[in-house]
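Secondary and tertiary structure notes
Now for the letters of each chain:
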Amino acid sequence: MNYLLSYVLGVLLCLGSVVYGFQHMGWWLPRWVAWYLNDFLIVPINLLLILIVMRYLKQQPGYLLSPLFITCICIGYAWFFEYYLPPISNRYTADIWDVCLYCVGGFVFFLLQKLSIREHYKQRHRQPNK
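Here, residues in each chain are numbered from 1, in the same order as that chain's written sequence. With pLDDT at 70 or above as the cut-off, local features in this predicted model cover only qualifying residues; side-chain atom pairs require 80 or more to be listed or tallied, and sums for whole chains, interfaces and linings still use all residues. In computing side-chain values, all of the structure's heavy atoms are included and hydrogens and water are not.

Some remarks on a nonpolar patch on the surface
Let me state the cut-off plainly: Each patch is built from residues lacking any salt bridge and having more than 30% relative accessible area; the joining distance is 9 Å for like charges and 5 Å for nonpolar side chains (Val, Leu, Ile, Met, Phe, Trp, Tyr). Residue-level accessible areas treat just the shown protein chains as cover; the underlying method is Shrake-Rupley with a 1.4 Å probe. Here a salt bridge means any side-chain nitrogen of Lys or Arg lying within 4 Å of a carboxyl oxygen belonging to Asp or Glu. Per the convention used, a helix needs a DSSP run of H or I reaching at least four residues, while a strand needs a run of E reaching at least two, with both numbered from the N terminus.
Judged by side-chain polarity, Trp-79, Phe-80, Tyr-83, Tyr-84 and Ile-88 come together as a nonpolar surface patch covering roughly 570 Å² of accessible area. Within the secondary structure, Ile-88 sits in helix 3 (residues 67-88).

Put into structure tokens, the structure is as follows:
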């Protein structure tokens, strides 16, 4: 597995878990962290997991998720959490900033997977020392 992806996935999961844990225990967090950080993190975390699974299943370390797939995931999160859930659950509120953060998270993932593939090919084509 690509070390960059593993490292980033671990960092994102830790960040999200810490925020969730603090909220669950009722500890104070700055508003932007409490309200928006996990909205930003959820799309890259899920797309990273999907990418890792797809690379494993296809046995293609250079496999990339398409921009259309990434966009569909962002739209799906926006629709589900900002349109569908708010009318049926008091826990969720529709917020345009959440939609923006899903999209920013998708874009960050897109850049991250490009970096990971670049790292993969650098490692693959590295010349041995003579």
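That shown, we press on.
Some points on the packing of helix 2 (residues 31-58) against helix 3
Quick reminder of the rule: Axes, fitted as lines to C-alpha atoms, cover a helix only where it is in contact. Angles between the N-to-C directions of the axes lie from 0 to 180 degrees. Our angle categories are set so that under 35 degrees counts as roughly parallel, over 145 as roughly antiparallel, 65 to 115 as roughly perpendicular, and the remainder as oblique. Handedness of a helix crossing follows the sense of rotation of the near helix relative to the far helix, less than a right angle counterclockwise being left-handed and clockwise being right-handed. By the convention used here, residues are in contact when the closest approach between their heavy atoms is within 4.5 Å. Only Asp, Glu, Lys and Arg are considered charged in this grouping, and only Ala, Val, Leu, Ile, Met, Phe, Trp, Tyr, Cys and Pro are considered nonpolar; every other residue, Gly among them, is considered polar.
Axis separation between helix 2 and helix 3 bottoms out at 11 Å; the angle between their running directions is 135 degrees. By the angle class used here, helix 2 and helix 3 are oblique. Every pair of crossing elements has a handedness; the one defined by helix 2 and helix 3 is right-handed. In this structure, helix 2 uses Ile-42, Val-43, Asn-46, Leu-47 and Ile-50 to contact helix 3, whose residues at the interface are Phe-69, Ile-70, Ile-73, Cys-74 and Tyr-77. Looking at the contact of helix 2 with helix 3 residue by residue, the class counts come to nine nonpolar, one polar and no charged.

Some thoughts on the nonpolar core
Condition: Nonpolar cores were defined as sets of buried Ala, Val, Leu, Ile, Met, Phe, Trp, Tyr and Cys residues, with membership established by side-chain atoms within 4.5 Å. Only protein chains enter the area calculation, which uses a 1.4 Å probe; residues under 20% of their type maximum are buried, those over 50% are exposed, and those in between are partly exposed.
Ranked by internal contacts, the top residues of the largest apolar core, which has 23 residues, are Leu-12, Val-43, Leu-47, Leu-48, Leu-65, Ile-70 and Phe-109. With nine residues, the top contributor of residues to this core is helix 2. Once you skip the residues sitting within four places of it in the chain, Leu-47 turns out to touch Leu-65, Phe-69, Ile-70, Ile-73, Gly-106 and Phe-109.

Digging into the layout of surface pockets
If a probe as big as a water molecule is rolled over the atoms, it shows which places are left empty. The cut-off we apply is this: Think of a 1 Å grid over just the protein atoms. A cavity is a set of points where a 1.4 Å probe fits yet cannot get out, a pocket is an open set with protein on both sides within 12 Å along at least five of seven lines, and lining residues have an atom within 4 Å of a point. Grid points are joined across faces, edges and corners, and a volume is the space filled by probe spheres set on the points.
Each pocket or cavity is described by its volume, and for the largest pocket that value is around 760 Å³. What lines the largest pocket is a set of 27 residues, and nearest its centre among them are Gln-23, Asn-38, Asp-39, Arg-91 and Tyr-92. Elements with a contribution of two residues or more to the lining of the largest pocket: helix 1 (3-25), helix 2, helix 3 and helix 4 (96-124). Ranked by the residues each element gives to the lining of the largest pocket, the list is headed by helix 2, at ten residues. Class assignment for the residues of the lining of the largest pocket results in 16 nonpolar, six polar and five charged.

Regarding the confidence of the model for the protein
Quick note on the threshold: Looking at any residue, its pLDDT shows the predictor's confidence there, from 0 to 100.
Per-residue confidence for the protein gives a mean pLDDT of 88; residues scoring 70 or more make up 89%. The least confident element of the protein, judged by mean pLDDT, is helix 4 at 86; the most confident is helix 3 at 96.

Describing the packing of aromatic side chains
Threshold: Ring pairs shown here join Phe, Tyr and Trp side chains whose ring centres sit within 6.5 Å, with only the six-membered ring taken for Trp; geometry is labelled stacked below 30 degrees between planes, edge-to-face above 60, and tilted in between.
Within the structure shown, the criterion is met by ten aromatic pairs. Pairing Trp-79 with Tyr-84 gives two aromatic rings, centres 5.4 Å apart and planes at 20 degrees, and the pair type is stacked. Note on Trp-79: relative accessible area 45%, which makes it partly exposed. With a centroid separation of 5.7 Å and 50 degrees between ring planes, the pair formed by Phe-81 and Tyr-92 is classed as tilted. Within this pair, whereas Phe-81 is found in helix 3, its partner Tyr-92 is found in the loop between helix 3 and helix 4, the two being separated by eleven residues in sequence. Judged by its relative accessible area of 22%, Phe-81 falls in the partly exposed class. In this structure an aromatic cluster arises from ring pairing among Tyr-77, Trp-79, Phe-80, Phe-81, Tyr-83, Tyr-84, Tyr-92 and Tyr-102.

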